[in-house]
Amino acid sequence: MRPTSRSQKLYCKYKKLLRFLLLLSVIYYFVSKEAINKRDAYFNYFPSHSFRSQSHIEHRKTVKKVIAKSFQMMNSENLKQYVTENGKDEIIWFTTANENYAKIYLPMFLDSFRLWNDTLVSKFLVITFSKSAQSICLKIHHLCPIFVETLSGELTSKLNYSARQGDQSHWRNFVWTTVEVRLHVLRQGYSYIHIDCDVFHMNDPWELVKNYQGEQTWISSNSMQAKLSDANPGIQYVHSGTTSLAYVKTWFAQRSKMGTSSGNQRALTTLLAKNNKMSSYTKLYPCSIVSNACCMRECCFTVWERLDEMTPMELFSEISGNKKLNWLNESVMFHAACIGGTPRKKLRRFEKFYAAFKLRSKT
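The shown structure was predicted, so the numbers you read here are calculated from the model rather than taken from an experiment. (Residues numbered from 1 in each chain as written. Predicted model: local features only at pLDDT ≥ 70, side-chain atom pairs only at ≥ 80, totals over all residues. Heavy atoms only, no water.)

Caption draft 1: Summary view of the overall build of the protein chain. Each helix and strand counted, the protein chain has 16 helices and 10 strands in total. Pairs at least 24 residues apart make up 73% of the contacts formed inside the protein chain by residues separated by at least 6 positions. Counting every atom, the protein chain has about 18,500 Å² of accessible surface; 54% of that belongs to carbon and sulfur. (Helix = DSSP H or I, 4+ residues; strand = E, 2+ residues; numbered from the N terminus. Contact = heavy atoms within 4.5 Å. Areas by Shrake-Rupley, 256 points an atom, 1.4 Å probe, with all protein chains shown as cover.)

Okay, structure coming up:
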């Protein structure tokens, strides 16, 4: 009986071992499959369909191989197809979006853009900084490449709207990565226009470049007086060239010099106050081109005080009938800069302005 008993024990052991190995192989199969799917999605930057196609919600399996840990989303060869020309000037138009901006502001940004220049929208890049932001973007737009920051990689953290933006490391990484993207475009030999995502368009954005040519940079201002100390690089046009490249390189280098508490706007205004070459190279868009809440509050504080009580129709009537606000009607876009309040109040105010100008477009 002993041999039989021993063989039975061995059989049971081998049976358990086989079951365990089979279970491991099944787990390995599904884990590998999920990893492959994630890898493919990660490298699917540009959908392969034509820009003119409106079926941009459909996902494409365009896989690009990347060797570096901190990859670059574009190269000079594939950037060429997104160029718009203004005479000899070859310009890349883009905005940048983290997950929250893609969810909250990007729909208003793109909807208002399409009202004025659908052709330009067809080549407009929404540069995202994470797979989740890209996924949100692809539901409403067809060009949502990922750019991974050199220093900290993919920006996966959500912006915490309950805290001040400048107090958050994620927010600082986000704004500095927008500068890194600009530098990358210049290195490829192209001019660029960067427009913050918390913007809606009130006229054709082409006005930003039509009358502003030459090797220099144009930046929006948070002041009716258009002072360099109030420069806001959220909306910025930079003409390609060696001087422009040196300009943005110097700006980006301030990130390490000013420490982790500084955002890109403060770094730039600090440079403009000290560096004569940079200040002479910098021109400011007036509020009549790029408007924002700073300009409106400075111009017409009594109107601003009543903003929260006004309906979109009342705000539309005020903007249309108040001669002091004629410059606002001429503006190309409205930026959320200086709109103030809690995050929810800021969004409500921005949406009220957006609703008022949608009423204007229907008249």
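So, next bit.
Caption draft 2: Layout of the environment of S320. The topology assignment puts S320 in helix α14 (residues 312-321). With 40 residues separating them along the chain, S320 and R360 place their C-alpha atoms 8.4 Å apart. Among the polar contacts made by the side chain of S320, one reaches the main-chain carbonyl oxygen of F316 at a distance of 2.8 Å. (Polar contact = N/O pair within 3.5 Å; in protein donor to acceptor, adjacent residues only side chain to side chain.)

Caption draft 3: Spatial organisation of the sheet that holds strand β9 (residues 290-292). Sheet architecture is open: three strands sit in the order β5-β10-β9, paired in mixed fashion. Single-partner strands in this sheet number two, and they are β5 (199-201) and β9. Recorded for the sheet is a direction-independent mean angle of 25° between the axes of neighbouring strands. (Pairing = 2+ DSSP bridges. Axes fitted to C-alpha atoms, helices over the stretch in contact; angles between N-to-C directions.)

Caption draft 4: Structural view of the packing of aromatic side chains. This model, assessed by the stated rule, comprises 18 aromatic pairs. Taking the centre distance of 5.3 Å and the plane angle of 80° together, the rings of Y105 and F350 count as edge-to-face. With a gap of 245 residues between them, Y105 in the loop between α3 (99-104) and α4 (106-116) and F350 in helix α16 (residues 343-362) connect regions that are remote in the sequence. Relative accessible area serves as the criterion here: at 0%, F350 is assigned to the buried category. Ring plane angle 65° and centroid distance 5.5 Å describe the contact between F200 and F350, whose orientation is recorded as edge-to-face. Of this pair, F200 sits in strand β5 while F350 sits in helix α16, placing them 150 residues apart in sequence. Both residues of the pair, F200 and F350, count as buried. Connected via pairs of aromatic rings, a cluster forms that spans Y101, Y105, F129, F174, F200, W304, F334, F350, F353, Y354 and F357. (Phe/Tyr/Trp six-rings, centres within 6.5 Å; stacked < 30°, edge-to-face > 60°. Buried < 20%, exposed > 50% of the residue type's maximum accessible area, 1.4 Å probe, protein only.)

Caption draft 5: Geometry of the environment of L208. Within the element layout of this structure, L208 appears in helix α8 (residues 207-210). Among the residues examined, L208 registers a relative accessible area of 0% and is labelled buried. Sequence separation between L208 and V290 is 82 residues, and the spatial gap between their C-alpha atoms is 8.6 Å. If sequence neighbours within four positions are ignored, L208 has contacts with W93, I193, I195, I235, Y285, I289, V290, V332 and M333.

Caption draft 6: The arrangement of the state of the cysteines in detail. The full count for this structure, using the stated rule, is three disulfides. Here C287 engages in a disulfide with C295; their sulfurs sit 2.0 Å apart. Here the S-S torsion is close to -65°, and the disulfide linking C287 with C295 is therefore left-handed. Accessibility assignment for this pair places C287 and C295 in one class, buried. The cystine pairing of the protein chain, numbering bonded cysteines in sequence order, is 1-2, 3-5, 4-6. (Disulfide = S-S within 2.5 Å.)

Caption draft 7: View of the nonpolar core. Core analysis: the largest hydrophobic core is formed by 92 residues, its most contacted members being I195, L208 and F353. Setting aside residues no more than four positions away along its own chain, F353 makes contact with F200, M296, W304, L307, L315, F334 and I339. (Core = buried A, V, L, I, M, F, W, Y, C linked by side-chain atoms within 4.5 Å.)

Caption draft 8: Focus on the pattern of salt bridges. Overall, the coordinates contain five salt bridges when judged by the stated rule. For R306, the salt bridge identified is with E318, shortest N-O distance 3.2 Å. Of this pair, R306 sits in the loop between α13 (301-305) and α14 while E318 is found in helix α14, placing the two residues 12 residues apart along the sequence. With a closest N to O distance of 2.9 Å, R349 and D308 form a salt bridge. One end of the pair, R349, is in helix α16; the other, D308, is in the loop between α13 and α14, with 41 residues separating them in the sequence. (Salt bridge = Lys/Arg side-chain N within 4 Å of Asp/Glu carboxyl O.)

Caption draft 9: Layout of unusual backbone geometry. Even without glycine at this site, A226 takes up a positive phi of about 50°. Locating A226 in the fold gives a position in the loop between β6 (217-221) and β7 (231-238). You will see that C338, though not glycine, has its phi angle at about 70°, which is positive. Within the secondary structure, C338 is located in the loop between β10 (333-335) and α16.

By themselves these figures say nothing about function.
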